[in-house]
Structures are given as structure tokens and as C-alpha cells.
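# A structural walkthrough
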Amino acid sequence: AQTVTQSQPEMSVQEAETVTLSCTYDTSESDYYLFWYKQPPSRQMILVIRQEAYKQQNATENRFSVNFQKAAKSFSLKISDSQLGDAAMYFCAYRRRGGGDMRFGAGTRLTVKP
Amino acid sequence: SQTIHQWPATLVQPVGSPLSLECTVEGTSNPNLYWYRQAAGRGLQLLFYSVGIGQISSEVPQNLSASRPQDRQFILSSKKLLLSDSGFYLCAWSVRGDREAFFGQGTRLTVV
């Protein structure tokens with residue numbers, strides 16, 4: 001079974017600074033997807049960024065980027081120029097290609113200090 | 001465009017009462033559908049997922065059941081609620097063979 005581990009229950013960052021959230025996963029599959037979701041206080045789950053395992057290039061979405069290390073099974077999220085609106089729970093997720101279920105980590109609560 | 005509706009948003013139910021949470025998706029066909037539970041301050045636990053009408057996979061033995069009576073309808077049920085069933089329940093969908101899941105607004109269930 002695939003598992004996703006987020007080892008940082010809480011993180012904090014100063015506004016305008018950069019923060020990196022960690023995620024590792026375990027799978028025997030070679031083709032899969034990885035995601036970062038954001039859950040603000042409203043509890044709505046919002047997709048932040050996705051990465052296809054077959055792509056070596058790290059995904060980037062504006063201030064959000066990932067460091068995908070396939071051999072190490074590591075998938076970290078970097079948030080640059082942090083904003084107060086970035087404060088939320090962040091979840092790392094895994095899904096094998098072809099569909100089926102998605103697996104989530106336990107989440108990291110990010111606090112942004114003004 | 002695709003949308004997902006989940007209701008009710010909040011629910012307070014006594015122990016031993018039945019439960020029915022409904023989720024519907026619009027704007028797509030043959031979606032994969034999911035029910036997750038999120039305990040306070042914790043991650044998402046996959047409860048059920050479905051790849052088609054009448055096809056339900058259960059992740060953990062529990063007091064809950066799921067049904068998919070129509071292609072874009074997914075229902076989470078219980079005959080008798082337990083205190084431990086309290087939590088935040090999220091419905092989600094994804095295009096079969098596609099990548100990310102899209103989530104509903106969630107239902108906060110409190111069993112008293």
C-alpha cells in the first residue's frame with residue numbers, strides 16, 4: 001500500500017520569506033502523480049500544484065514550486081514570498097496513474113507571521 | 001464546467017440515529033468518487049471510493065457504508081451513529097484516468 005508522510009506538523013514563516021514543506025511517500029509503482037493541496041480555515045481543499053512522476057522537471061505555479069526527488073521518494077513544496085493568505089493546512093497526496101484512490105499525508109499547518 | 005455539491009454543511013445527530021450525506025457532481029460523466037473523513041487537526045482518511053455505479057471499495061471496516069445509485073451521485077450512510085463518527089466529511093471526484101481530485105465543501109458532523 002502507498003503511504004504518504006509529512007513529518008512537520010507545524011511550520012511558520014515570516015511574511016515575504018520562503019518556506020519549504022516536506023513530504024515523502026512509499027510506493028512500488030513507477031508511474032504516478034503527486035499533489036499539494038491547501039486547506040484554509042474554510043476547510044475547502046484547494047489544489048496548489050501537481051507533479052507527474054515521469055517528468056523530471058519540477059512543477060511551478062507562480063510562488064509555489066516543488067522539489068521532486070523520485071529516487072528518494074521525496075516531494076517538497078516551496079512557497080516563495082509568503083503571504084498572509086498562504087496560512088493554511090497543506091496536504092501532500094499521491095495517486096497512481098490509471099485512477100483509483102488518492103492517499104494523503106497528515107498535513108502541515110503553516111502560520112504566516114506579519 | 002464541473003461542480004460538486006455536498007450537503008448538508010453541518011449536522012448534529014444523536015447517538016444511534018441514522019445518517020445520510022449526499023454528494024453530486026455536475027458537468028462530467030463516469031467520475032471516480034470518494035468519501036474522506038478528517039478528524040480534528042488531522043489528515044484525510046479515505047473511507048470509500050467508487051469507479052462506477054454500484055461499485056464501491058471500502059478502505060476500513062467501520063460503522064459507515066456508501067452507495068452510488070446514479071453515475072454522479074454518491075451517498076454516505078450509517079444505520080446507527082456512534083460518537084466516534086464525529087468529524088469532517090469530504091466528498092471528492094476525479095476524472096477516471098486523470099490526476100487531481102476536486103473536493104466538495106465538506107460536512108461537519110457532530111454526534112451527541
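Here the structure is a predicted model, which is why all the values come from computation and not from measurement.

We now examine the nonpolar core. It is characteristic of soluble globular proteins that their nonpolar side chains tend to be buried jointly. Counting residues in each nonpolar core, the largest one holds 25 residues, and the members touching the most others are A:Tyr25, A:Trp36, A:Phe75, A:Leu77 and A:Tyr90. Mapped onto this core, the elements with two or more residues apiece are β3 (19-21), β5 (32-39), β6 (46-52), β8 (64-69), β9 (74-79), β10 (88-96) and β12 (108-113) of chain A. Per-element accounting of this core gives the leading share, 4 residues, to β10(A). Not counting residues up to four positions away in its chain, the partners in contact with A:Tyr90 are A:Gln6, A:Leu21, A:Trp36, A:Tyr37, A:Lys38, A:Val48, A:Phe64, A:Leu77, A:Ile79, A:Gly107, A:Thr108 and A:Leu110. Grouped together as the second largest cluster of nonpolar side chains are 20 residues, B:Leu11, B:Trp35, B:Ala66 and B:Val111 included.

With 23 residues of chain B at the interface, the matching set in chain A holds 21 residues. For the pair chain B and chain A, the two sides together bury roughly 1,900 Å², of which 47% comes from carbon and sulfur. Considering only the side of chain B, the residues that lose the most area to chain A are B:Arg99, B:Glu100 and B:Phe103, jointly responsible for 30% of the buried surface there. B:Glu100 is paired through a salt bridge with A:Arg50; the nearest N and O atoms lie 2.3 Å apart. At the boundary of chain B and chain A, one finds 9 residue pairs in polar contact (both at pLDDT 80 or more). Of all elements in the fold, only β4 (31-38), β5 (44-52) and β9 (87-95) of chain B reach the threshold of two or more residues within the side of chain B that touches chain A. Considering only residue class, the side of chain B that touches chain A consists of 10 nonpolar, 7 polar and 6 charged.

With that settled, consider the environment of B:Gln62. Residues and elements named next belong to chain B. Tracing the chain through its elements places glutamine 62 in the loop between β6 (55-58) and β7 (65-70). On the basis of relative accessibility, which here comes to 25%, the residue glutamine 62 falls in the partly exposed class. Along the sequence, glutamine 62 and glutamate 26 sit 36 residues apart, while their C-alpha atoms lie 29 Å from each other. Residues in contact with glutamine 62, not counting those within four places in the same chain, are Arg37, Leu47 and Phe48.

Turning next to the pairing of β9(A). Residues and elements named next belong to chain A. Burial analysis of β9 places 5 of its 6 residues in the buried class, which makes it a mostly covered element. Strand direction decides the pairing type here: β3 and β9, joined by 3 bridges, are antiparallel. In the sheet register, leucine 21 faces β9, and the bridge partner there is leucine 77. Judged from the 6 bridges that link them, β8 and β9 form a sheet pairing that is antiparallel. If you follow asparagine 67 over to β9, its bridge partner there is serine 76. Taking the residues that link successive antiparallel strands as the turn, the β8-β9 hairpin has 4 residues, and the phi of lysine 73 there is positive, at about 55 degrees.

Cut-off values and rules
- Residues numbered from 1 in each chain as written.
- Chains lettered and ligands numbered in written order.
- Predicted model: local features only at pLDDT ≥ 70, side-chain atom pairs only at ≥ 80, totals over all residues.
- Heavy atoms only, no water.
- Core = buried A, V, L, I, M, F, W, Y, C linked by side-chain atoms within 4.5 Å.
- Buried < 20%, exposed > 50% of the residue type's maximum accessible area, 1.4 Å probe, protein only.
- Helix = DSSP H or I, 4+ residues; strand = E, 2+ residues; numbered from the N terminus.
- Contact = heavy atoms within 4.5 Å.
- Buried area = accessible area lost by both parts, 1.4 Å probe.
- Salt bridge = Lys/Arg side-chain N within 4 Å of Asp/Glu carboxyl O.
- Polar contact = N/O pair within 3.5 Å; in protein donor to acceptor, adjacent residues only side chain to side chain.
- Nonpolar A, V, L, I, M, F, W, Y, C, P; charged D, E, K, R; others polar.
- Pairing = 2+ DSSP bridges.

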